[in-house]
Amino acid sequence: MDGMCKGRKFLSFTQAVSAHVPVEMLEDMRNMKIVHWEAGSWPPTYTPSAALLYAIVHGHQAYAQYLLNKFLDGALAMTGKNVCGCQSYVPHLDMAIRYNRKDIVPLILHVAHKIPTLWSYVIRGGCKHMKEGRTTLHLACAMSQPETVIMLLGSGASPQAKADDGVTPLDLILKKLQMSKGNTRVKMLCLERLLMFMPEVRFQMKSSLNNDPEYWSKVLGEEMFNYLVGRIPGTLFLIAMQKTLAQLPSQDFFKRLDELPIPASLKPITSQPLMRWNSY
């Protein structure tokens, strides 16, 4: 307990999570085995679900893994008011994406695949800070997280999902590219990974691309632009990967992906550009 002293008598539970205190001590605190207080009052109790939210926010991967392994669906239960301040019920997966916790997202997806009632964690929209009807994939695309995009797609998230306003994940990537003034590499990676799961390309901004071909050819590259507006077919590599990835079961997508008899450089989990439109 001496190691928990920090200005005040003891660290609060939330401070301890932020400080990445060892899991065993955090569980003692959460279960009130260690007496602690804050601002002169007894602290609230923390459910596994609330504790997981704090582990996500503060990037405590070991504690998140412990809670998910021990409590499964209990750790992912909805809470009334979450650490982002929303009154709405916020899936933990949304929070992990919002804080870019790439080490915690796959842990949540693994549990969601174990328990059928949790499948909505992959497809459900988030808190009030997101427009109504947008899914976790919308959020990952809006935040330009290619690793999370591939994790969600591999886990079964629909690349064609539409929000209430008709916006698709592809539309969000294009809007990010349109607004970008600097390096667009990460956004293009998101686009490439999304297209590998989209044998049929449908999106709202197609008319925008057609109305300003000179601008969009510069942003996307001529071949990518022509593919998106339907002037040319996909490359042989893209078509082959679309058909191959469609055959991999979502419950063990990454295990099956690793087993594919193709060079690692061609597997869509790397951080390198894959489609090389100018090469085909």
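Residues numbered from 1 in each chain as written. Predicted model: local features only at pLDDT ≥ 70, side-chain atom pairs only at ≥ 80, totals over all residues. Heavy atoms only, no water.

Novice: Looking at this structure, how should I read the overall build of the protein chain?
Specialist: When you go through the protein chain residue by residue, the secondary structure sums to 16 helices and zero strands. Counting only contacts in the protein chain whose residues sit at least 6 apart along the sequence, the fraction spanning at least 24 positions is 64%. Carbon and sulfur atoms form 53% of the exposed surface of the protein chain, whose accessible area is close to 13,600 Å². (Helix = DSSP H or I, 4+ residues; strand = E, 2+ residues; numbered from the N terminus. Contact = heavy atoms within 4.5 Å. Areas by Shrake-Rupley, 256 points an atom, 1.4 Å probe, with all protein chains shown as cover.)

Novice: Teacher, can you tell me more about the pattern of salt bridges here?
Specialist: Should their charged atoms come close, side chains of opposite charge can pair. Scanning the entire structure with this criterion turns up six salt bridges. For the salt bridge of glutamate 27 with arginine 30, the shortest nitrogen-to-oxygen distance reads 2.8 Å. In this pair, glutamate 27 and arginine 30 are both assigned in helix α2 (residues 23–30), three residues apart and thus about one turn of the helix distant. Just as glutamate 27 is buried, arginine 30 falls in that class too. Note that aspartate 165 and arginine 134 form a salt bridge whose closest N and O atoms lie 3.3 Å from each other. With aspartate 165 in the loop between α9 (146–154) and α10 (169–179) and arginine 134 in the loop between α7 (120–123) and α8 (136–142), this pair connects stretches of sequence that are 31 residues apart. (Salt bridge = Lys/Arg side-chain N within 4 Å of Asp/Glu carboxyl O. Buried < 20%, exposed > 50% of the residue type's maximum accessible area, 1.4 Å probe, protein only.)

Novice: Whenever I open this one, the environment of leucine 53 confuses me. Can you help?
Specialist: Topologically, leucine 53 is positioned in helix α3 (residues 48–57). When the C-alpha positions of leucine 53 and proline 91 are compared, they lie 9.3 Å apart, and in sequence the two are 38 residues distant.

Novice: What's the story with helix α11 (residues 185–195) in this structure? I'm lost.
Specialist: Given 3.6 residues per turn, any residue in an α-helix points the same way as the ones three and four places further on. Taken across its 11 residues, α11 has nine buried, putting it largely inside the fold. Turning to α11, the residues buried within the fold contact α8, α9, α10, α13 (213–220), α14 (222–228) and α15 (236–246).

Novice: Looking at this structure, how should I read the side chain of histidine 60?
Specialist: With respect to the helices and strands, histidine 60 occurs in the loop between α3 and α4 (61–71). Among the polar contacts made by the side chain of histidine 60, one reaches the main-chain amide nitrogen of tyrosine 63 at a distance of 3.2 Å. Leave out the neighbours within four places in its chain, and histidine 60 touches Val17, His20, Val21, Val23, Leu26 and Ala55. (Polar contact = N/O pair within 3.5 Å; in protein donor to acceptor, adjacent residues only side chain to side chain.)

Novice: Hey, could you run me through the packing of α10 against α13 in this one?
Specialist: Angle between the axes and distance between the axes are the two parameters that describe a pair of packed helices. Orientation of α10 relative to α13, taken along the N-to-C sense of each, is 95 degrees, at an axis distance of 11 Å. Between α10 and α13, the interaxial angle falls into the category roughly perpendicular. Residues Leu174, Leu177 and Gln178 of α10 pack against Tyr215, Trp216, Val219 and Leu220 of α13. Among the residues making up the contact of α10 with α13, the classes are represented as six nonpolar, one polar and no charged. (Axes fitted to C-alpha atoms, helices over the stretch in contact; angles between N-to-C directions. Parallel < 35°, antiparallel > 145°, perpendicular 65-115°, else oblique. Nonpolar A, V, L, I, M, F, W, Y, C, P; charged D, E, K, R; others polar.)

Novice: I'm lost on unusual backbone geometry in this one. Help?
Specialist: Note on backbone geometry: most residues besides glycine have negative phi, and most peptide bonds are trans. Positive phi values are uncommon outside glycine, yet asparagine 100 reaches one of about 55 degrees. Along the chain, asparagine 100 turns up in the loop between α5 (92–98) and α6 (105–114). The partly exposed category is assigned to asparagine 100, whose relative accessible area is 36%. Its identity is not glycine, yet serine 144 carries a phi of approximately 55 degrees, on the positive side. With respect to the helices and strands, the residue serine 144 is situated in the loop between α8 and α9. Given the relative accessible area of 16%, serine 144 is considered buried.

Novice: Is there a simple way to explain the nonpolar core in this structure?
Specialist: Within soluble globular proteins, side chains that are nonpolar tend to cluster in buried spots. Counting residues in each nonpolar core, the largest one holds 74 residues, and the members touching the most others are Tyr63, Leu170, Leu174, Leu191, Leu209, Leu220 and Leu228. For this core, the element with the highest residue contribution is α3, accounting for seven residues. Sequence-distant contacts of leucine 228, defined by excluding residues within four places in its chain, comprise Leu170, Leu174, Leu195, Val201, Phe203, Lys206, Leu209 and Leu220. (Core = buried A, V, L, I, M, F, W, Y, C linked by side-chain atoms within 4.5 Å.)

Novice: Help me understand the packing of aromatic side chains, please; the structure alone is not making it clear to me.
Specialist: When we look at a pair of aromatic rings, we describe it by the centre distance and by the angle of the planes. Taken as a whole and assessed by the stated rule, the structure comprises seven aromatic pairs. Geometrically, the ring pair formed by tyrosine 63 and tyrosine 66 is stacked, given 6.4 Å between the ring centres and 10 degrees between the ring planes. Separated by three residues within a single helix, tyrosine 63 and tyrosine 66 lie in helix α4, roughly one turn from each other. Assessed through its relative accessible area of 28%, tyrosine 66 is described here as partly exposed. With centroids separated by 5.2 Å and ring planes inclined at 80 degrees, the aromatic side chains of tyrosine 215 and tryptophan 216 adopt a geometry described as edge-to-face. By relative accessible area, which is 30% here, tyrosine 215 ends up partly exposed. Classification of tryptophan 216 as buried rests on a relative accessible area of 1%. Each member of the aromatic cluster is reached from another via a ring pair, and the members are Phe13, Tyr46, Tyr54, Tyr63 and Tyr66. (Phe/Tyr/Trp six-rings, centres within 6.5 Å; stacked < 30°, edge-to-face > 60°.)

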